[in-house]
Amino acid sequence: MNNIVYIVDDDAAVTTALSNLLSSDNYEVISFSPADDFLAHDFAPLPCCLILDINMPGADGFEVAQVLIDRGYTIFLTGFGTIPVTVRAMKTGAYEFLTKPVDPDRILQAVSEAMRIAEQNMATSQEKREMTLRHQTLTPRESEVMLLAIGGLLNKQIAAEMGVSEITAKVHKRRVMEKMNARSLSDLVRAAERLNIANTRRR
């Protein structure tokens, strides 16, 4: 299945023209009018972007954009644009703000770049979700070892800190590395940074 471009616009002529343009460039296109239909849609877990008319009956364009803030990038379309409206659009996470009528090549370029960013963001989010699940498999002891290890403590120091033998500390650390899919201490530190786990290096 192709990456998805959602179109939300109450102008049927605009929706048809955009759908034909994007379909010819191998995007899967799903259009909505009114905006409330988009808000009720069951979204597929795929990279996507939204082409959205900012002025429509019913739901405000900015309200609609909130739906995809964490999932994709929004391209706003409007018949008129002011500086305050443009600034607000960009603050919601919009990749581009275009006024009608829009040059087809500019639409295709904007969608291509927005989709590239959406793909990167989705890959990053998926990686973090998987890392979080791996971290949740750690026992309390292993979580403690991870904190001490990323803090720069050696096995002997970890053992002393935890009141266990060095062999036990090594076993715990090995399990941490395996569960976190870390091939080196540097990998473990990077994983901790991605998960916002504090470094507990003793100073």
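*Asks:* Is there a simple way to explain the overall build of the protein chain in this structure?
*Replies:* Across its full length, the protein chain carries nine helices and five strands. Listing the helices and strands of the protein chain from first to last along the sequence gives β-α-β-α-β-α-β-α-β-α-α-α-α-α. Residues counted as buried form 38% of the 203 residues belonging to the protein chain. Long-range pairs, those at least 24 residues apart, make up 61% of the contacts in the protein chain between residues at least 6 apart in sequence. In the form shown here, the protein chain has an accessible surface area of approximately 11200 Å², with 51% of it arising from carbon and sulfur atoms.

*Asks:* Is there a simple way to explain helix 6 (residues 140-150) in this structure?
*Replies:* Given 3.6 residues to a turn, an α-helix orients residues that are three or four positions apart in the same direction. What helix 6 keeps buried is the set Glu142, Val145, Met146, Leu148, Ala149 and Ile150. Check the buried side of helix 6 and you find it contacts helix 5 (104-136), helix 7 (155-162), helix 8 (166-179) and helix 9 (185-194). Just past helix 6, the residue Gly152 takes up positive phi, approximately 95°.

*Asks:* What should I look at first to understand helix 9 in this one?
*Replies:* Those residues of helix 9 lying buried are Asp187, Leu188, Ala191 and Ala192. On an axial view of helix 9, the arc spanned by its buried residues comes to 140°, and they lie on one face. Contact partners of the buried residues in helix 9: helix 5, helix 6 and helix 8. Asn196 lies just past helix 9 and shows a positive phi near 60°.

*Asks:* Any chance you could explain the environment of Asn26 here in plain terms?
*Replies:* Its place among the elements puts Asn26 in the loop between helix 1 (12-24) and strand 2 (28-32). Asn26 sits in the exposed class, given a relative accessible area of 57%. Put simply, Asn26 and Ile4 are 22 residues apart on the chain and 9.8 Å apart in space, counted from C-alpha to C-alpha.

*Asks:* Looking at this structure, I do not really get the nonpolar core. What am I missing?
*Replies:* Generally speaking, nonpolar side chains in soluble globular proteins are found buried as a group. Counting residues in hydrophobic clusters, the biggest one holds 21 residues, and the most contacted among them are Met146, Ile150, Ile158, Val176, Met180, Leu188 and Ile197. Top contributing element to this core by residue count: helix 6, with five residues. In contact with Met146, not counting residues within four places along its chain, are His135, Leu138, Val176, Met180, Leu188, Ala192 and Ile197. Ile7, Leu18, Tyr27 and Val29 belong to the second largest nonpolar core, which has 15 residues in total.

*Asks:* What exactly am I supposed to notice about the packing of aromatic side chains here?
*Replies:* Two aromatic rings are characterised by how far apart their centres lie and by the angle between their planes. Evaluated as defined, the whole model comprises three aromatic pairs. Geometrically, the ring pair formed by Tyr6 and Phe32 is tilted, given 6.1 Å between the ring centres and 40° between the ring planes. With Tyr6 in strand 1 (residues 4-8) and Phe32 in strand 2, this pair connects stretches of sequence that are 26 residues apart. Owing to a relative accessible area of 0%, Tyr6 belongs among the buried residues under this scheme. Judged by relative accessible area, which is 9%, Phe32 ranks as buried. Ring pairs connect the aromatic residues Tyr6, Phe32 and Phe38, which therefore count as one cluster.

*Asks:* I tried to follow the pairing of strand 3 (residues 48-53) on my own but got confused; where do I start?
*Replies:* Strand residues, when the strand is regular, have side chains that alternate between the two faces of the sheet. For strand 3, a buried count of six out of six residues is recorded, marking the element as mostly surrounded by other parts of the structure. Side chains Cys48, Leu50 and Leu52 of strand 3 all project onto a buried face; the interleaved residues Cys49, Ile51 and Asp53 project onto the opposite face, where all are buried too.

*Asks:* Would you mind showing me how to read unusual backbone geometry here?
*Replies:* Glycine aside, residues mostly have negative phi, and peptide bonds are mostly found in the trans state. Of note, Asn26 is a non-glycine position whose phi angle comes to about 70°, a positive value. Positive phi, close to 60°, is recorded for Asn196, a residue that is not glycine. Secondary-structure assignment places Asn196 in the segment after helix 9. Classification of Asn196 as exposed rests on a relative accessible area of 65%.

*Asks:* Looking at this model, I keep getting lost on the side chain of Ser19. Mind explaining?
*Replies:* The topology assignment puts Ser19 in helix 1. Those residues in contact with Ser19, other than ones at most four positions away along the chain, are Ile7, Val29 and Ser31.

Definitions and limits used
- Along each chain, numbering runs from 1 in the same order as the chain's sequence is written.
- Totals for whole chains, interfaces and linings use every residue, but because this is a predicted model, local features are given only for residues with pLDDT of at least 70 and side-chain atom pairs only at 80 or more, for both listing and counting.
- The basis for every side-chain value is the complete set of non-hydrogen atoms in the structure, without hydrogens or water.
- Secondary structure elements follow DSSP: runs of H or I no shorter than four residues count as helices, runs of E no shorter than two count as strands, and numbering proceeds from the N terminus.
- Each residue's exposure class comes from its accessible area (1.4 Å probe, protein chains only) as a fraction of the maximum for that residue type: buried when under 20%, exposed when over 50%, partly exposed otherwise.
- Note on contacts: a residue pair is in contact if any heavy atoms of the two residues lie within 4.5 Å.
- Only the protein chains shown count as cover for residues, with accessible areas throughout obtained via the Shrake-Rupley method and a probe of 1.4 Å.
- In this description, one arc is meant: the one made by directions from the helix axis to the C-beta atoms.
- Nine residue types can take part in a nonpolar core, namely buried Ala, Val, Leu, Ile, Met, Phe, Trp, Tyr and Cys, and a core is a set of them joined through side-chain atoms within 4.5 Å.
- Geometry of aromatic contacts follows a simple scheme: Phe, Tyr and Trp rings, the Trp one being its six-membered ring, pair when their centres are within 6.5 Å, and the pair is stacked under 30 degrees between planes, edge-to-face over 60, tilted otherwise.

The values reported here are purely geometric and, on their own, carry no functional implication.
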